[in-house]
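Tertiary structure, described
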Amino acid sequence: MDKAPQGLRVIDFTWVLAGPFATRILADWGAEVIKIQSKVTMPEGEQNTSGYFNTWNRNKLGIALNLSKPQGVEIAKRLVDISDIVVENFTPRVMRNWGLDYDILRKVKPDLIMLSMSGMGQTGPMRDCTAFGATIQALSGITHLTAFPGQPPLGLGYSYADHVAGLMGALAVLEALEDRRKTGKGQYIDLSELEAMSTLLGTAILDYSVNGRIASPVGNRPIHRLAAPYGAYRCKGEDRWCAIAVFTEEEWVAFCRVLGYPLWTKEERFSTLSDRWQNIDQLDLLVEEWTKERSPEEVMSILQEAGVAAGVVQNATDLSRDPQLQSRDFFVGIEHPTLGKISFDGSPIKLSDTPAQFKRAAPLLGQDNDYVYRELLGMSESEISEYTSAGVFG
Amino acid sequence: MSALYGLRVLDLADERGAFCTKLLADMGADTIRIEPPGGDRIREAGPFIKDIPDPEGSLCFWYHNTSKRGITLNLENIKGQEIFRKLASTADVIVESFPPGYLEKLGLDYEELKKINPRLIMTSITDFGQTGPYKNYKSCDIVASALGGQMYVCGDRDTPPLKPYGEQAYLVSSLFGAIGTMLALHRRHLCSEGQHVDVSMHECIAGVIEHVNVRYLYEQVTAQRQGTLHWNNAFRIFPCKDGYILLSLFQQWDTLVEWLESEGMAADLKDEKWRDHQLRLEEIDHVIQVLEQWTLKHTMTELMEQGQAMHFPWAAVNSVEELMDNVQLSERGFFVEVSHTKSNASFEYPGAPYKSSESPYRILRRAPLIGEHNEQVFGEELGFSEAEIAALLSAGII
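We now turn to the structure provided with this report. (Residues numbered from 1 in each chain as written. Chains lettered and ligands numbered in written order. Predicted model: local features only at pLDDT ≥ 70, side-chain atom pairs only at ≥ 80, totals over all residues. Heavy atoms only, no water.)

Moving on: the sheet that holds strand 7 (residues 230-234) of chain A. Residue and element names in this part refer to chain A. Strand order across the open sheet formed by 3 strands is 7-8-9, with antiparallel pairing between neighbours. Strand pairing shows two members of the sheet lacking a second neighbour, strand 7 and strand 9 (309-312), which therefore form its edges. Adjacent strand axes in the sheet meet at a mean angle of 20° when their direction is disregarded. The sheet contact formed by strand 7 and strand 8 (residues 241-245) spans 5 bridges and is antiparallel. (Pairing = 2+ DSSP bridges. Helix = DSSP H or I, 4+ residues; strand = E, 2+ residues; numbered from the N terminus. Axes fitted to C-alpha atoms, helices over the stretch in contact; angles between N-to-C directions.)

What follows deals with the environment of B:P100. Residues and elements named next belong to chain B. Inspection of the secondary structure puts P100 in the loop between strand 4 (93-96) and helix 4 (102-105). Put simply, P100 and I125 are 25 residues apart on the chain and 9.9 Å apart in space, counted from C-alpha to C-alpha. In contact with P100, other than residues within four places in its own chain, are G129, Q130, K135 and N136. (Contact = heavy atoms within 4.5 Å.)

Here the focus is the pattern of salt bridges. In this structure the tally under the stated criterion is 59 salt bridges over all chains. For the salt bridge of B:R33 with B:D40, the shortest nitrogen-to-oxygen distance reads 2.9 Å. The pair formed by B:R33 and B:D40 is uniform in burial state, with each residue classed as buried. Residue B:K115 is joined to B:E112 by a salt bridge in which the shortest nitrogen-to-oxygen separation is 2.9 Å. Of this pair, B:K115 and B:E112 both sit in helix 5 (residues 110-116), 3 residues apart, roughly one helical turn. By relative accessible area, which is 63% here, B:K115 ends up exposed. In this structure, a network of salt bridges that share partners links the residues A:R225, B:D14, B:E15, B:R16, B:R41, B:D127 and B:E167. (Salt bridge = Lys/Arg side-chain N within 4 Å of Asp/Glu carboxyl O. Buried < 20%, exposed > 50% of the residue type's maximum accessible area, 1.4 Å probe, protein only.)

Another aspect to go through is the state of the cysteines. Enumeration over the complete set of coordinates arrives at 0 disulfides over all chains. A:C242 takes part in no disulfide bond, and the closest cysteine sulfur, belonging to A:C235, lies 5.2 Å away. Among the residues examined, A:C242 registers a relative accessible area of 0% and is labelled buried. As a non-bridged cysteine, B:C240 has A:C129 as the owner of its nearest cysteine sulfur, 16 Å distant. (Disulfide = S-S within 2.5 Å.)

All names here are of chain A. Between helix 6 (residues 133-140) and helix 8 (residues 160-183), whose axes approach to 7 Å, the crossing angle comes to 90°. When the axes of helix 6 and helix 8 are compared, the pair comes out roughly perpendicular. Between helix 6, through G133, I136 and Q137, and helix 8, the contact on the second element is made entirely by Y160, A161 and D162. Class assignment of the residues belonging to the contact of helix 6 with helix 8 gives a composition of 3 nonpolar, 2 polar and 1 charged. (Parallel < 35°, antiparallel > 145°, perpendicular 65-115°, else oblique. Nonpolar A, V, L, I, M, F, W, Y, C, P; charged D, E, K, R; others polar.)

Before going further, it helps to spend a moment on the pairing of strand 8 (residues 243-248) of chain B. Residue and element names in this part refer to chain B. Across the 6 residues that make up strand 8, a large majority, 5, are buried. Both strand 7 (residues 235-240) and strand 8 contribute to a ladder of 6 bridges, which runs antiparallel. What sits directly across from F235, in strand 8, is S248.

Attention now moves to the pairing of strand 3 (residues 61-64) of chain A. All names here are of chain A. The two faces of strand 3 match: L61 and I63 on one face and G62 and A64 on the other face are all buried. Alignment of strand 2 (residues 32-37) against strand 3, held across 4 bridges, turns out to be parallel. Within strand 3, the residue paired with Q37 across the bridge is A64.

With that settled, consider unusual backbone geometry. In this model, A:A228 is joined to A:P229 through a cis peptide bond whose omega is 0°. Residue placement: A:P229 occurs in the loop between helix 10 (202-211) and strand 7. A positive phi angle, near 60°, is found at B:D51, a position not held by glycine. Turning to its location among the elements, B:D51 is positioned in the loop between strand 2 (30-35) and helix 2 (59-64). Positive phi outside glycine occurs at B:H311, with the angle close to 65°.

In structure tokens, the structure reads:
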């Protein structure tokens with residue numbers, strides 16, 4: 001009994017990133033997550049041997065189950081009956097069309113916790129919108145705001161909102177488990193990825209609802225807390241940069257010391273934080289004169305040694321060699337049945353007594369059919385062969 | 001009833017963990033924000049109501065401290081530490097974000113507090129975590145975004161790396177922190193013991209960069225910036241008559257070409273050869289050029305509505321104003337009114353990140369004023385007399 005959600009079983013109908021990221025957290029802490037896939041109904045991108053699939057589905061079991069067959073739906077219900085949690089992230093009509101929506105499943109398993117994650121939520125005029133992470137980011141405002149001042153939107157270029165929704169989804173399930181422990185009741189969680197993402201833009205939203213101000217892009221400038229210098233500064237080398245942030249007077253003094261007190265650091269236009277902020281463009285140019293003669297690693301290390309926040313703008317290669325990530329075992333290696341040794345990011349959550357465990361790679365399609373159908377559901381040989389020939393396990 | 005009703009959280013965290021404790025408070029935990037006498041530095045964060053700097057008027061503080069109670073207590077004072085220990089003995093969770101080693105100097109580190117309260121869970125949300133060669137280094141939102149591998153892939157080929165808007169590093173670290181706290185709570189039901197949750201902001205960002213680590217670890221590809229083009233070329237932002245629209249480039253190709261053709265804007269894309277996905281990827285600049293001529297003839301709303309009607313995952317690139325006018329969000333009651341007695345007004349806040357049928361997540365009240373609940377907590381709950389409270393106040397302890 002040393003794992004947090006140990007003893008819990010999750011039926012996982014999720015795909016792409018948002019849903020799998022949520023159930024991965026439950027699996028990392030010992031929940032038995034059974035991922036349902038099908039050659040027939042499997043969406044593109046859910047290829048079991050891709051790096052993408054393997055990264056978001058480690059620690060999960062996998063079965064092949066064709067939900068376009070009525071028998072497939074019946075088997076899914078039998079699984080729900082012996083499980084605690086169902087997670088899905090289709091557009092709202094999909095589970096309903098299969099007859100696997102909460103109103104039906106709660107009759108199968110009255111204290112079921114079911115999490116539905118969709119772009120817009122299960123209700124409302126836009127509920128059937130087709131949405132991926134990029135869609136949500138555009139609608140939420142973060143794409144518009146992620147730009148240089150006065151320039152067209154650039155956005156994030158990847159599906160950050162899917163991670164956010166996955167984290168909120170995992171949190172919602174853990175909350176519902178806490179509630180079930182007290183009341184004995186399950187519940188239905190309707191997660192709209194747009195709403196989840198919008199809760200991470202709260203201050204900009206309040207600035208509008210309180211002050212009527214429509215937030216505009218700030219590039220790499222600070223927004224809530226004054227700091228100068230602050231930004232990404234060009235360093236020596238091809239596309240090498242270092243982020244620097246100087247908040248306090250003490251940090252400014254240390255910064256000037258590291259630079260060897262060039263004359264400009266003593267000029268009146270930079271004497272206080274507010275002066276530096278007023279003249280930030282000029283300050284940035286002077287700081288960059290210094291950084292561009294040095295590697296970002298050197299800039300980071302001498303500033304950090306002096307007590308100033310600084311960090312290399314790391315790319316994927318840098319991350320793989322990052323000494324801090326290495327010392328905390330951020331990347332984890334594991335054996336995959338066909339790919340050999342594979343690696344992925346572990347978990348940023350370090351629990352002192354019950355750490356995440358990385359016991360197995362993501363499943364191949366139907367890898368755990370035997371365990372699930374024979375052991376968990378107790379199917380006989382004849383049932384198995386009947387379903388197999390009817391294409392139910394396809 | 002809220003799921004965390006009856007649970008007590010002590011909140012010592014700065015901006016790194018304020019959203020974590022907001023989540024726990026909105027889930028119903030009695031969350032007591034502990035600030036130094038005179039108020040916390042995070043109240044200096046702008047913007048402010050009416051743009052007047054005021055520790056009681058920081059919108060950033062307001063949003064991240066809903067549903068909490070607030071007390072003041074000087075943890076660097078011996079008497080203050082004694083009071084804190086009393087509080088800690090009544091608490092289930094402490095969330096903190098001090099540099100590693102700071103609480104130990106005060107004798108208030110997890111090992112010490114666990115002696116008086118073995119069920120206590122402590123969640124530490126810090127720049128680099130409690131261990132490792134960088135543990136004493138400093139970080140902040142932009143440094144975390146840089147070191148975590150996020151900034152490098154945001155922006156265009158010819159621009160500097162770009163930090164995503166908002167203090168996302170603090171928010172996402174808070175989310176991981178809240179999940180870690182809940183995992184520790186679950187485990188506590190099984191063994192009655194608390195544990196320490198160590199969350200590193202650096203790792204949190206490195207853990208939410210989708211393709212970046214995956215492509216390096218599987219294909220030895222170092223992802224680069226490519227402007228508004230999504231990393232896998234699936235989406236791109238286009239200018240239109242009145243703003244910008246996000247289009248998917250390759251879904252339902254035939255439908256898309258038919259649509260363009262019906263307006264005489266398909267150019268050569270109607271050629272059979274463009275049905276080859278690989279060719280479209282190789283000649284993506286040409287595809288983009290043709291699409292851009294077309295999007296410029298339309299408004300955001302036209303493209304989004306007609307596109308969505310045909311199941312294209314398209315979206316208007318909204319401003320915050322457009323987000324707040326979104327009919328879907330209003331229909332679902334996403335924005336909620338929170339009343340502020342001091343300003344004698346109510347303001348709209350983003351509400352619940354998800355809708356739970358049985359244990360609703362909700363904002364119970366506005367953020368606390370400085371020391372607003374001192375009397376309640378020190379007097380009614382810890383049993384200090386009025387005279388004792390007055391003495392603590394004048395000694396600068398509370």
